[in-house]
Amino acid sequence: MEEFRRAYGRLCAAGGAAPQEAVLRRLRELGGAPGRGRLDLAAQSLSLETCGALGRLLPGAAPFAEVALSDCGLSEEGVKLLLHGLCSNTTVKSLDLKGNNLRTVGAEALGKLLRQNKSIRSLILEWNSLGVWEEGFSFFCQGLGANKFLQRLDLRNNQINHQGAGELAMALKQNTSLQELDLRWNNIGLLGGRALLNCLQSNRTLKRLELAGNNVPSDILKAVEQAMDHNQDRQTILRETQNRAYILSKEVLSLKDEKTKQFLDLMDTIDKQKEEIARSGRTSAARVSQLQEALDEQHSIMNSLKAKLQMTEAALALSEQKVHNLGELLNATKQEQTSMAERHFMELQQQKQEGADREGKLLHDLSAASEKNLLLRNQVDELEKKCKIQQDQLFQVKQDLTNTTAELKLRAVQAEERLEMEKRRFKQSLEDMESLRLKEVDHMTQHMEASERSMQDRIQRLEAIRIALEEELSQVKAAALTERGQAEEELIKVRNQARLEEQRLEHLEEKLRLMTESRDEAQNCCLKQKQMVAEAQAKANQLSLHADGLRRRIEELQQDLNSKEEEKVTEVNKVKVELQEQIGHLQAERTAQEGLREKISALERQLKVLSSNHREALLDKEGEISLLLEKLRMKEADISRMREEEAQRASFLQNAIMAYVQGSPLGAHSSRK
């Protein structure tokens, strides 16, 4: 404000005039925040220089919102300068020019102000002479018609006649912002009142129109009051409808937000459920694949164990066959030895019997001895042949033993490799089985080596027997005795060997029993694996049942969405039915208005018949008829306006609902489905 005062002083000094003390004092007294104060220069005689300085300071943002220039005795030029400055002002909301005797130039400046200014809401022009000059007042009315911001206009005591009232009526038809107009104590008269009343048909914003002291008939005043009441009601209805529309739009937006949130939550839950189903399916598939791989490995292990068992059984059958062959050979050798022992025993008896006769028959004995020697040589040859055959058989047996040992070693290596593979999954159990098998293989190798050593010992014994028989040839008597002792020893050894063979058979039976036990254990492992596979299949079935439950849940949610959409459709239909009912009521009112029109036309005909006899009462009757017509027009206008508003409301509501239903993500999702 201090800057404004200083600027005022500078401008006055620049114009060659001293600033007025009253103005400076008012500017000093003016306080408060910028744009909220009141510049009160009422009853101050302002010079032309002061008006020019203020007019140059007022454009833009002034530090006050109200300007009071009432009873200042402003000249035409001063008013023009002040109003020219206010044309581009953006902060002044109220202007008071009461009692300044404004005329043509002032009216034109006010018209320009109303055309250009966008901030003034209240304009007080009481006790001026704007209505004296028609051209100036028509320019003022044109500015008023173009203005879109003024809300209150005071034109009391401005000498406005019926022509000026007609200009004001034309301006009010165009103006859409003025709410209060004070025309008291002018010269409007009957024609001016009718013009103003006619303009109220198109003006719906004016809520207060004062026409007292204008020689306007009472019926027109009442009609104006009714029009003002109607406008006020219209404004209240409009505000209510706007509030309702705002509330409905808020509710629609809130419902839309809620629906979108619900839809997004539903989609999130569906996505999560789908992810869980996919994750569970992947885990179950991976678990099933792992179980299938484990089952395949177990099947391969079982197949290898079965092949190994078959190989061991075949080896056992071969060993049993070899044992059987060896037993047969032993039985044959035993029989031969027993036959040889019997023969030797018979020969010894014969020699004993002949020993008594030897003394007398030496020649016969010598011949008999020679024959015996020949026989013994033949027997020795036969025994040598038998020994060679046995050596060949022993050599074959050795080869078979080496082959079997090699096969057993290869099988042992394969078994070790397979057992290494089995150790990765079943460490403890397969380690025991591997150690047991290794022990069995070692035991079999030891047993084969022991049997080989026993056969070698037997060969050596047979060689010793052969040597002993050769010695018996040289010394018959001593040979017979030694042969007997050797035969007995050989029998003992053969018996021991038979016992050893029996023990070996028992050991092989024990080995077979252990192999059957290992086979049973492997079968038990297979059964356990089958049980694990069955459990995995049961889990997979449970997961599939869970997925089916989730699918059913999704279907239920879709059914709920469909039901909600049906409820929306029913609500929209209800709204349409209500709107149709309101339209029916409006049509009924329209028929009633048509009946009123018919009655009015009948009254007009009657009035035309009586017009020749009652000319003096014609004015009154015309006033009544015009009042009724105005009421009828107002009611028709109200009906048409209400119909349009209801139709607009219905269309807006329907469009909003359809836009919400079609434009929302829920509607788009349902349409895509």
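Fair warning: this is a prediction, and the values are worked out from it, not measured in the lab.

A.B. asks: Account for the overall build of the protein chain, naming residues and giving values.
C.D. replies: Per the secondary structure count, the protein chain includes 14 helices and 7 strands. Counting the 673 residues in the protein chain, one finds 36% classified as buried. Contacts spanning at least 24 positions in sequence make up 83% of the contacts within the protein chain whose residues lie at least 6 apart. Split by element, the accessible area of the protein chain, about 40,700 Å² in all, is 53% carbon and sulfur.

A.B. asks: Quick one: what's the story with the side chain of serine 177, residue by residue and with numbers?
C.D. replies: The residue serine 177 is located in the loop between helix H7 (162-174) and strand S6 (180-182) in this model. A relative accessible area of 12% places serine 177 in the buried class. In this structure the side chain of serine 177 is engaged in a polar contact, spanning 3.3 Å, whose partner is the backbone nitrogen of phenylalanine 149. A distance of 2.9 Å separates the side chain of serine 177 from the backbone oxygen of leucine 150, its partner in a polar contact. When neighbours within four sequence positions are excluded, serine 177 is seen to be in contact with Asn147, Lys148, Phe149, Leu150, Gln151 and Thr205.

A.B. asks: Would you mind going over unusual backbone geometry in detail, with residue names and values included?
C.D. replies: Unusually for a residue other than glycine, tryptophan 127 sits at a positive phi of about 60°. Phi is positive for tryptophan 185, close to 60°, though the residue is something other than glycine. Mapped onto the secondary structure, tryptophan 185 falls in the loop between S6 and helix H8 (189-199).

A.B. asks: Can you lay out the confidence of the model for the protein chain for me, pointing to particular residues and giving the numbers?
C.D. replies: Close inspection of predicted coordinates is inappropriate for parts of the model with low pLDDT. Chain-level statistics for the protein chain give a pLDDT mean of 80 and a share of 90% at 70 or above. The low-confidence segment residues 668-673 (pLDDT under 50) makes 5 contacts with residues lying over four places distant or belonging to another chain.

A.B. asks: Give a detailed account of the environment of glycine 99, specifying residues and quantitative values.
C.D. replies: By the secondary structure assignment, glycine 99 is in the loop between strand S3 (94-96) and helix H5 (104-116). By relative accessible area, glycine 99 is classed as partly exposed at 24%. Sequence separation between glycine 99 and leucine 74 is 25 residues, and the spatial gap between their C-alpha atoms is 9.2 Å. Sequence-distant contacts of glycine 99, defined by excluding residues within four places in its chain, comprise Asp71, Cys72, Glu126, Trp127 and Asn128.

A.B. asks: If you had to explain the pairing of strand S2 (residues 64-68) to someone new, which residues and values would you point to?
C.D. replies: Most of S2 sits out of view: 4 of its 5 residues are buried. At this point the chain moves from strand S1 (residues 37-40), through helix H3 (residues 48-57), to the parallel S2, and the crossover so formed is right-handed. The pairing of S2 with S3 spans 3 bridges and is parallel. Each bridged residue has a counterpart across the sheet, and for glutamate 66 the counterpart in S3 is serine 94. Handedness of the crossover joining S2 and S3 through helix H4 (residues 76-86) is recorded here as right-handed.

Conventions and cut-offs
- Residues numbered from 1 in each chain as written.
- Predicted model: local features only at pLDDT ≥ 70, side-chain atom pairs only at ≥ 80, totals over all residues.
- Heavy atoms only, no water.
- Helix = DSSP H or I, 4+ residues; strand = E, 2+ residues; numbered from the N terminus.
- Buried < 20%, exposed > 50% of the residue type's maximum accessible area, 1.4 Å probe, protein only.
- Contact = heavy atoms within 4.5 Å.
- Areas by Shrake-Rupley, 256 points an atom, 1.4 Å probe, with all protein chains shown as cover.
- Polar contact = N/O pair within 3.5 Å; in protein donor to acceptor, adjacent residues only side chain to side chain.
- pLDDT = per-residue confidence, 0-100.
- Right-handed = clockwise from strand over helix to strand, strands pointing away.
- Pairing = 2+ DSSP bridges.

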